[in-house]
Amino acid sequence: MRTNEELLEIAKSVSKNAYCKYSNFPVGACVLYESGNVYSGCNVENSSFGLSLCAERNAISTAIASGEKSQLLKIAVYSPKSKKCFPCGACRQWIQEFNNAQNIDIILENDDNSCITYKINDILPYSFELNMI
Ligand code: THU
């Protein structure tokens, strides 16, 4: 199983592949599953700005498309342009979709370059669930 530092290193590495010609804000993400498998993704922008894809959603989509069926445990997010590059609101909801009762770890780069971990339930409280009566 990869360490948090290794996951952040993978996120850092994939951020170099970002297609971010409009914002010039590269982001990389790396997801770790209970199987031990990891997948990564970067942001991919579009001239129609609202169609841009975040690194976190790219990484999760890659895992799903690869057939990953185990529990999502951790996601590391990195940008060379920002310490503590928190997932945006849309990505928080995407992470929540795969949370189950896990309370997924969000691993970021702290001001001193070490890893800092947050919990999805803390950064997205009272999230939407499709519970119909
Ligand atoms: N971005 C991400 O990749 N993840 C986030 O959680 C927030 C923002 C990207 C989208 C866009 O390409 C760039 O960062 C600037 O907003």
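Below is a short write-up of the structure. In this text, all values refer to a predicted model and were calculated from it rather than measured experimentally. (Residues numbered from 1 in each chain as written. Predicted model: local features only at pLDDT ≥ 70, side-chain atom pairs only at ≥ 80, totals over all residues. Heavy atoms only, no water.)

### Here's the deal with helix α3 (residues 89-97)
C91, R92, I95 and Q96 are the residues of α3 that are buried. Seen end-on, α3 carries its buried residues on one side only, within an arc spanning 145 degrees. Where the residues of α3 are buried, they touch α2 (55-65), β3 (72-78), β4 (105-109) and α4 (120-123). (Buried < 20%, exposed > 50% of the residue type's maximum accessible area, 1.4 Å probe, protein only. Helix = DSSP H or I, 4+ residues; strand = E, 2+ residues; numbered from the N terminus. Arc of directions from axis to C-beta. Contact = heavy atoms within 4.5 Å.)

### A short note on the nonpolar core
V31, Y33, I75, I95, I106 and I120 are the most contacted members of the largest nonpolar core, which totals 20 residues. Among the elements of the structure, β1 (28-33), α2, β3, β4 and α4 are those that each provide at least two residues to this core. For I95, the residues in contact, after removing those within four places along its chain, are I60, I75, P87, I104, I106 and I120. Counting 9 residues, the second largest nonpolar core, distinct from the first, contains L7, L73, Y78 and I107. (Core = buried A, V, L, I, M, F, W, Y, C linked by side-chain atoms within 4.5 Å.)

### Focus: the sheet that holds β3
Taken together, 5 strands build an open sheet; the order of strands is β2-β1-β3-β4-β5 and the sheet is mixed. Sheet topology places β2 (38-42) and β5 (115-119) at the edges, where each strand pairs with a single neighbour. Across the sheet, the mean angle separating the axes of adjacent strands is 20 degrees when strand polarity is ignored. Pairing of β4 with β5 involves 5 bridges; the strand directions are antiparallel. Within β5, the residue paired with D105 across the bridge is K119. Across the sheet, helix α1 (residues 4-15) is in contact with β1, β2, β3, β4 and β5; its angle to β3 comes to roughly 50 degrees. (Pairing = 2+ DSSP bridges. Axes fitted to C-alpha atoms, helices over the stretch in contact; angles between N-to-C directions.)

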